[in-house]
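# Structural overview for review
Take a look at the letters that make up each chain.
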Amino acid sequence: QVQLVESGGGLVQAGGSLRLSCLASGRISSFMVNTMGWFRQVPGNQREVVARISSGGSADYADFAQGRFTISRDNNKMSMEMNNLKPEDTAVYFCKLETRTTPFHIGEGYWGQGTQVTVSS
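Presented here is a report on the structure given in the accompanying data block.

Thresholds applied
- Residues numbered from 1 in each chain as written.
- Predicted model: local features only at pLDDT ≥ 70, side-chain atom pairs only at ≥ 80, totals over all residues.
- Heavy atoms only, no water.
- Disulfide = S-S within 2.5 Å.
- Helix = DSSP H or I, 4+ residues; strand = E, 2+ residues; numbered from the N terminus.
- Buried < 20%, exposed > 50% of the residue type's maximum accessible area, 1.4 Å probe, protein only.
- 1 Å grid on protein atoms, 1.4 Å probe; cavity = no way out; pocket = protein on both sides within 12 Å on 5 of 7 lines; lining within 4 Å.
- Points joined across faces, edges and corners; volume = space filled by probe spheres on them.
- Nonpolar A, V, L, I, M, F, W, Y, C, P; charged D, E, K, R; others polar.
- Core = buried A, V, L, I, M, F, W, Y, C linked by side-chain atoms within 4.5 Å.
- Contact = heavy atoms within 4.5 Å.
- Pairing = 2+ DSSP bridges.

Let's shift gears to the state of the cysteines. Two cysteines form a disulfide when their sulfur atoms are joined by a covalent bond. Taken as a whole and assessed by the stated rule, the structure comprises 1 disulfide. Across the disulfide from C22 sits C95; the S-S distance is 2.0 Å. Note on the C22 and C95 pair: the S-S dihedral is about -75°, so by sign convention the disulfide is left-handed. Here C95 lies in strand β9 (residues 91–99) and C22 lies in strand β3 (residues 18–26), a separation of 73 residues in the sequence. Accessibility classification places C22 together with C95 in one group, the buried group.

Shown next as structure tokens:
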């Protein structure tokens, strides 16, 4: 199993910045880690992708995150710098790790517990 521990959430004023971090641990090797990403969810809404980063470091961003958020990773650690935060960014942010499909294992997705980000106006 894989465990994901998130940190960095909190309360910030509009226009401020936060850095979210995610640490993956468990019985997993670095070569088994494929894509990692950040998702967010507002109560009553579906979970939506914020940013994803491949094992090779290629990043994709949702339109609302482009130009404001920057995702990065170092082995089993992933971070996301969030700048110029807006009240509409308020949500629970989740870390996700996806494993590679091999002749011995089918790829799986793992989720962290989520960390609250609140942006005040």
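One number sums up the size of the largest pocket: a volume of about 240 Å³. Around the largest pocket sit 13 residues that line it, and R27, M32, H105, E108 and Y110 are the ones nearest its centre. Considered class by class, the residues forming the lining of the largest pocket number 5 nonpolar, 5 polar and 3 charged.

Within the largest apolar cluster, 27 residues are counted, with the highest numbers of intra-cluster contacts made by W38, M80, M82 and Y93. Mapped onto this core, the elements with two or more residues apiece are β1 (2–7), β3, β4 (33–41), β5 (48–53), β7 (69–74), β8 (77–82), β9 and β11 (115–120). Y93 has contacts with E6, L20, W38, F39, R40, V50, M80, M82, G114, T115 and V117, leaving out every residue within four places of it along the chain.

When you tally the buried positions in β9, you get 8 out of 9 residues, the bulk of the element. Across 7 bridges, β4 lies against β9 in antiparallel orientation. For G37, the partnering residue across the bridge sits in β9 and is K96. Bridge analysis of β9 against strand β10 (residues 109–111) gives 3 bridges, and the strand direction is antiparallel. Within β10, the residue paired with L97 across the bridge is Y110.

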